[in-house]
Amino acid sequence: MQEIIEGLIRFQREVFPQQSALFKRLSTAQSPSTLFVTCSDSRVVPELLTQTEPGSLFVIRNAGNIVPSYGPEPGGVSATVEYAVKVLNVTDIVICGHSNCGAMTAISTCTNLEHMPAVQSWLRHADAAKAINASRHYCSDAERLAALVQDNVIAQLGNIRTHPSVAVGLVNKTLRLHGWIFNIESGEMLALDGQTGKFLPLAENPEIYAV
Ligand SMILES: [Zn+2]
């Protein structure tokens, strides 16, 4: 914790003065262009990966970069999606999974989660990806996990489309959905190409999007 507080003090003394104009401008309003949904994993840092400043990304983070389908009892993720689309008018939504994801590892290895009932319940929002993954043959656990990370991003893109605000944005073509996967070891980002259903290197295919 000491390291974190020392970092905060360094931020206040050295970094904030250089960005005071930006924070002054942001002090009364925000207009981020993008809702970025990713895992809580400490190694995935949206602003670092995208080299964006405060005010650019509206972020939702949770275990497994999950967006529950819209339902009669919407929770925090649903409320945040609705606010991003209806109030902030974001034009893009990124759902970003990553390599070596603990949540996806638990699913792909069928880890017993009975001692973590909240996690067990939460990961049921990835059941479609789990079922697809279980129905296919893979040569190794690593291959199975990598495929599940992809299948989960696709499943969550499906889930988020059930949200009324997102459905309206897609019909009116004011909203675009992106499915990304970050490789922690290489720094590479793959993106889902909605045309082919394949994940391709984003750097070489900057025009592709999911929906
Ligand atoms: Zn993760």
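Residues numbered from 1 in each chain as written. Predicted model: local features only at pLDDT ≥ 70, side-chain atom pairs only at ≥ 80, totals over all residues. Heavy atoms only, no water.

An unreviewed UniProt entry annotates the protein chain as Carbonic anhydrase of Paraburkholderia sejongensis. Taken directly from UniProt, the Function (unreviewed entry) text for the protein chain runs: "Reversible hydration of carbon dioxide." UniProt, in the comment section headed Sequence similarities (unreviewed entry), describes the protein chain in these words: "Belongs to the beta-class carbonic anhydrase family." (UniProt positions renumbered as here; feature names shortened; annotations may be inferred.)

**Notes on the packing of aromatic side chains**
Following the criterion strictly, the structure yields five aromatic pairs and no others. Look at Phe-11 and Phe-23: their rings are 6.2 Å apart centre to centre, the planes differ by 80°, and that puts the pair in the edge-to-face class. Taken together, the residues span a long stretch of sequence, with Phe-11 in helix H1 (residues 2-15) and Phe-23 in helix H2 (residues 20-26) at a distance of twelve residues. Relative to Tyr-83, the ring of Phe-58 has its centre 6.0 Å away and its plane inclined at 35°; by these criteria the two rings are tilted. Of the two residues, Phe-58 is situated in strand S2 (residues 57-62) and Tyr-83 in helix H4 (residues 76-86); the sequence distance between them amounts to 25 residues. The class of Phe-58 is buried, set by a relative accessible area of 15%. Cluster of aromatic residues (ring-pair linked, three or more members): Phe-11, Phe-16 and Phe-23. When the ring centre of Tyr-209 is taken as reference, the NZ or CZ atom of Arg-176 above it lies at 3.7 Å. (Phe/Tyr/Trp six-rings, centres within 6.5 Å; stacked < 30°, edge-to-face > 60°. Helix = DSSP H or I, 4+ residues; strand = E, 2+ residues; numbered from the N terminus. Buried < 20%, exposed > 50% of the residue type's maximum accessible area, 1.4 Å probe, protein only. Lys NZ or Arg CZ within 6 Å of the ring centre and 35° of its normal.)

**Some thoughts on the side chain of Thr-38**
In this fold, Thr-38 is placed in strand S1 (residues 34-39). Residue class for Thr-38 comes out buried when judged on its relative accessible area of 0%. At 2.7 Å, the side chain of Thr-38 and the backbone oxygen of Cys-96 are in polar contact. Not counting residues within four places of it along the chain, the set of residues in contact with Thr-38 comprises Val-44, Pro-46, Ile-60, Arg-61, Asn-62, Asn-65 and Cys-96. (Polar contact = N/O pair within 3.5 Å; in protein donor to acceptor, adjacent residues only side chain to side chain. Contact = heavy atoms within 4.5 Å.)

**Side note on the sheet that holds strand S5 (residues 189-193)**
On the basis of which strands lie adjacent, the open sheet formed by six strands has the order S2-S1-S3-S4-S5-S6 and mixed pairing. The sheet is open, and its two edges are formed by S2 and strand S6 (198-201), each paired on a single side. Across the sheet, the mean angle from the axis of one strand to that of its neighbour is 25°, orientation sign disregarded. Sheet topology places strand S3 (residues 92-98) next to strand S4 (residues 176-182); seven bridges connect them, and they run parallel. Paired with Cys-96 across the strands is Trp-180, a residue of S4. H4 contacts S1, S2 and S3 of the sheet and is inclined by roughly 170° relative to S2. (Pairing = 2+ DSSP bridges. Axes fitted to C-alpha atoms, helices over the stretch in contact; angles between N-to-C directions.)

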